[in-house]
Amino acid sequence: MRVLISGAGIAGPACAFWLHRAGAEVTVVERTAEPRPGGHAVDVRGVARTVVERMGLRETIRRRQVDERGWALVDGTGRRLAEMPADAFGGEGIVAEIEIARGDLARILLDATPGVDYRFGDRVTAVDDGTVTFASGGTERYDVVIGADGVHSGVRALAFGPRERFVRYLGGYTAYFTVPDPGDLGHWMLMYNAPGGRVAYLRPENDGTVKAGLSFRHPDPSYERLSRADAERLVSDRMTGAGWRIPDLLAAMPGAGDFYFDSINQVRVDRWWRGRAVLLGDAGYCGSPLAGLGTSMSLVGGYVLAGELTRAADPERAFAAYQGAMADYVESGLELPPGGMAMFAPMSRAAIRLRAFSTRMMTRWPSRQIAARQFSKAERITLRDYPALSAQIDEPVQHH
């Protein structure tokens, strides 16, 4: 079986790992010239922990995971208004037991797929069933084409239809970038709300840095595809005067080597395949950063898709079985937390106080029971055992 995967983030290499182990010939194409380092912290929750254990990567991830001991809401003076330790809800709370920089997890998966042909600096420009054309000029035929290329998926646009049919704007924008560790976080993620739907956070990392995040509400998606200079200007205009440590973060923003800016979106696709093309991870189902299960759904989805492809001679039957197995789990992963964007980024001081009160109540009866159901969504799938995924294959790395 010849398989092309578009996207070398998390979902693509995770699926490539299992497909190659089952004997498939796998190519991963990635538009960036090299693997992207850094990125925000992502978490491995619920059954996704079982997947990484079956991959034999749990200890490798443990060595690079972030020592993040909890999450706290703070006011403009830094006083904690509400907090949740990382061991709350069995390690499945706002901060999970396993937190790791996205770039570190992507590198671990890349290194774990030595027999996969990675082609960096290229992208898919046309999909005609299994015939694929690349920006580099070549055309090749594949049995399966997997779009694992994120919210702004090129494969989805080519094989399924325009972005507007599948991507729902949730009413805000976010930027994040790396800054030096101020030395006083105590391994806690700190989050601050300011009136006007503005949010800032500082999140611990390894190697003497922290991730800074700046988000704001906006009624419509007016700021797509901005240049970095325009995005920085917009973030600065919206966040100036918000208080807390935001002036220092804005001052550090232009010098950050990993500045990222995007709208906050959710992705829903009714049927995840068209012919020989199928979607995986954020390209087909993304709950947004507010939902917090994207990485886990990518890891689990990669395992299930690969497994079903080994069980069915016909790709479309495999795709249908993949969606059937994942449907309830994905639906729960697309659920936004209570209040959604309005609770994440309150507009008024009264709403900010309500958010702090609601967070304090999450660990107390009876609110604890409601919160426990929300966090338990990471467990809502039973993993099938796929015999074809149990073989072990070691081959030299191919990174073009």
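In short, a report on the structure. Here the structure is a predicted model, which means the values were calculated and not measured. (Residues numbered from 1 in each chain as written. Predicted model: local features only at pLDDT ≥ 70, side-chain atom pairs only at ≥ 80, totals over all residues. Heavy atoms only, no water.)

## Some thoughts on the overall build of the protein
The helix and strand tally for the protein stands at twelve helices and 20 strands. A globule of 400 residues ought to have a C-alpha radius of gyration of about 21 Å, and the protein, at 21 Å, matches this closely. Overall, the C-alpha framework of the protein stretches about 60 × 45 × 40 Å when taken along its three principal axes. Burial statistics for the protein: of 400 residues in total, 54% are counted as buried. By element, 50% of the accessible surface of the protein is carried by carbon and sulfur atoms, the whole surface being about 16700 Å². Taken together, the 48 basic and 48 acidic charged side chains of the protein have centroids lying 6 Å from each other. (Helix = DSSP H or I, 4+ residues; strand = E, 2+ residues; numbered from the N terminus. Rg over C-alpha atoms; globule rule 2.2 N^0.38 Å. Buried < 20%, exposed > 50% of the residue type's maximum accessible area, 1.4 Å probe, protein only. Areas by Shrake-Rupley, 256 points an atom, 1.4 Å probe, with all protein chains shown as cover. Lys, Arg positive; Asp, Glu negative; His and termini not counted. Charge placed at Lys NZ, Arg CZ, Asp CG, Glu CD.)

## Digging into the environment of Thr209
Along the chain, the position of Thr209 falls in strand 15 (residues 209–217). Apart from residues lying up to four places away in sequence, Thr209 is in contact with Thr178, Val179, Pro180, Asp181 and Pro204. Polar contacts involving the side chain of Thr209 include one to the side chain of Glu205, which spans 2.8 Å. Of note is the side chain of Thr209, whose polar atom sits 3.3 Å from the backbone oxygen of Asn206. (Contact = heavy atoms within 4.5 Å. Polar contact = N/O pair within 3.5 Å; in protein donor to acceptor, adjacent residues only side chain to side chain.)

## What to know about the nonpolar core
The biggest cluster of nonpolar side chains holds 80 residues, and the ones touching the most others in it are Ile5, Leu19, Ile146, Tyr285, Val300, Tyr322 and Met326. Examining the composition of this core, we find that eight residues originate from one element, helix 8 (residues 294–311), more than from any other. When near neighbours in sequence (up to four residues on either side) are disregarded, Leu19 contacts Met1, Val3, Ile5, Ala24, Val26, Ile146, Ala306 and Leu309. In this structure, Ala72, Tyr169, Val210 and Val235 belong to the second largest nonpolar core, which totals 31 residues. (Core = buried A, V, L, I, M, F, W, Y, C linked by side-chain atoms within 4.5 Å.)

## Here's the deal with the sheet that holds strand 19 (residues 285–286)
What holds strands together in a sheet is hydrogen bonding between their backbones, with the strands either parallel or antiparallel. Read from one edge to the other, the open sheet built from eight strands follows the order 5-4-13-14-15-12-16-19, with strand pairing classed as mixed. Only two strands of the sheet have a single neighbouring strand rather than two, namely strand 5 (80–85) and strand 19. Bridge analysis of strand 4 (residues 70–74) against strand 5 gives five bridges, and the strand direction is antiparallel. What sits directly across from Val74, in strand 5, is Arg80. (Pairing = 2+ DSSP bridges.)

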